[in-house]
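Listed below, chain by chain, are the residues.
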Amino acid sequence: MRTFRLVIACPDRVGIVAKVSNFLASHNGWITEASHHSDNLSGWFFMRHEIRADSLPFGLEAFREAFAPIAEEFSMNWRITDTAQKKRVVLMASRESHCLADLLHRWHSDELDCEISCVISNHDDLRSMVEWHGISYYHVPVDPQNKEPAFAEVSRLVKQHDAEVVVLARYMQILPPELCTEYAHKVINIHHSFLPSFVGAKPYHQASMRGVKLIGATCHYVTEELDAGPIIEQDVVRVSHSDSIEDMVRFGRDVEKMVLARGLRYHLEDRVLVHGNKTVVF
């Protein structure tokens, strides 16, 4: 069923829900899902509504025009999207295939409602898998001594494909600050939960030597500060002394791809509202 998704963040005060609900009701808007959250610490209010598109007498542009006075009255940061318009996604990967393969499978199986425009990689290893899905694959090598030309090409490709979200599916290069700024809250990354305790090479080997009992992963938006952007989703699995390093690596890959897929789904469904360096996920 085609719906419009109305997402709002604004300073909290009396009457927000009533005003929005009255506006929708006055236009015969049929709400199929409603989520609200009042943050006492920040004093902000967050809202997400899904409205049946066929219940309203107008499209997105007319909705924006009609709703603008209410948004101005309550100083809202807001957006309205149409589920009929699939978001364009660019995936980026290096050599590890588990996250990329999982997202491609979910997209191929219609579990992810989006358009995957292309895959960009600094290696050529995963080309055949990507092209089997009928998706363009761009090999953009990164010179460790001069990364600027490579990221200029990455930026060009992202713009060429008019990407609305970029997913780092185990892309093992650090994006430059200007790219992080240009696509703020539009670049999604995944990292294992061992940071910052076990940095560098072979984190699972380090963790095994310390006898860790939990393995996890964090999906977050990319910022200039490495692995410190607003968190979208996290999960863990329990391990024990009887699990080998190979077992731990396998468990880690499983939780990484699950968390990344959920984080991307939440973003595609307009469920993530960013406020400062925190998120509200409905």
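Residues numbered from 1 in each chain as written. Predicted model: local features only at pLDDT ≥ 70, side-chain atom pairs only at ≥ 80, totals over all residues. Heavy atoms only, no water.

As for the domain arrangement of the protein
Here's step 1: Per the domain assignment, the segments of the protein are domain 1 (3-82) and domain 2 (88-281).
Here's step 2: Placing the centre of domain 1 and that of domain 2 at their C-alpha centroids yields a distance of 31 Å.
Here's step 3: At the interface, 15 residues of domain 1 touch 9 residues of domain 2.
Here's step 4: Between domain 1 and domain 2, roughly 950 Å² of surface is buried when both sides are summed, and carbon and sulfur atoms account for 53% of that area.
Here's step 5: In terms of surface lost to domain 2, no three residues of domain 1 exceed Arg5, Phe46 and Arg48, which account for 45% of the buried area on that side. (Domains from an automatic or database assignment. Contact = heavy atoms within 4.5 Å. Buried area = accessible area lost by both parts, 1.4 Å probe.)

Quick notes on the UniProt feature "active site" (unreviewed entry) in the protein
Here's step 1: Per the UniProt record, "active site" (unreviewed entry) is found at Asp227.
Here's step 2: If you trace the backbone, Asp227 turns up in the loop between strand E10 (214-221) and strand E11 (231-238).
Here's step 3: Classification of Asp227 as partly exposed rests on a relative accessible area of 26%. (UniProt positions renumbered as here; feature names shortened; annotations may be inferred. Helix = DSSP H or I, 4+ residues; strand = E, 2+ residues; numbered from the N terminus. Buried < 20%, exposed > 50% of the residue type's maximum accessible area, 1.4 Å probe, protein only.)

Points about helix H1 (residues 16-26)
Here's step 1: Where H1 is concerned, the buried positions are Ile16, Val20, Phe23 and Leu24. The arc that holds every buried residue of H1, seen down its axis, measures 95 degrees, which confines them to one face. Looking at H1, the residues exposed on the side facing more than 90 degrees away from the buried face are Ala18, Asn22, Ala25 and Ser26.
Here's step 2: The inward-facing, buried residues of H1 abut strand E1 (3-11), strand E2 (31-39), strand E3 (44-52) and helix H2 (60-73). (Arc of directions from axis to C-beta.)

Some points on the pattern of salt bridges
Pairing is possible between side chains of opposite charge, provided their charged atoms come close.
Here's step 1: Evaluation of the coordinates by the stated rule reveals 31 salt bridges.
Here's step 2: Put simply, Arg64 and Glu61 hold a salt bridge, and the shortest N to O gap is 2.5 Å. On the criterion of helical spacing, the pair formed by Arg64 and Glu61 is a turn pair, its members being 3 residues apart in helix H2.
Here's step 3: Since its relative accessible area comes to 29%, Arg64 is described here as partly exposed.
Here's step 4: On the basis of relative accessibility, which here comes to 58%, the residue Glu61 falls in the exposed class.
Here's step 5: The residue Asp102 makes a salt bridge to Arg106 at a minimum N-O spacing of 2.7 Å. (Salt bridge = Lys/Arg side-chain N within 4 Å of Asp/Glu carboxyl O.)

Here we look at the UniProt feature "domain: ACT" (unreviewed entry) in the protein
Here's step 1: Taking the UniProt record as the reference, the feature "domain: ACT" (unreviewed entry) is found at residues 5-85.
Here's step 2: Each end of residues 5-85 is marked by a C-alpha atom, and these two atoms are 11 Å apart; helix forms 31% of the span and strand 38%.

Concerning the packing of helix H3 (residues 98-108) against helix H8 (residues 245-268)
Here's step 1: As a packed pair, H3 and H8 sit with axes 9 Å apart at the nearest point and diverge in direction by 45 degrees. Relative to H8, the element H3 lies oblique. In this structure, the crossing between H3 and H8 has a hand that is right-handed. Counting all contacts with H3, which are made through His98, Cys99, Asp102, Leu103 and Arg106, the residues of H8 involved are Arg253, Glu256, Lys257, Met258, Leu260, Ala261 and Leu264.
Here's step 2: When grouped by side-chain class, the residues that make up the contact of H3 with H8 number 6 nonpolar, 1 polar and 5 charged. (Axes fitted to C-alpha atoms, helices over the stretch in contact; angles between N-to-C directions. Parallel < 35°, antiparallel > 145°, perpendicular 65-115°, else oblique. Left-handed = near helix turned anticlockwise from the far one by under 90°. Nonpolar A, V, L, I, M, F, W, Y, C, P; charged D, E, K, R; others polar.)

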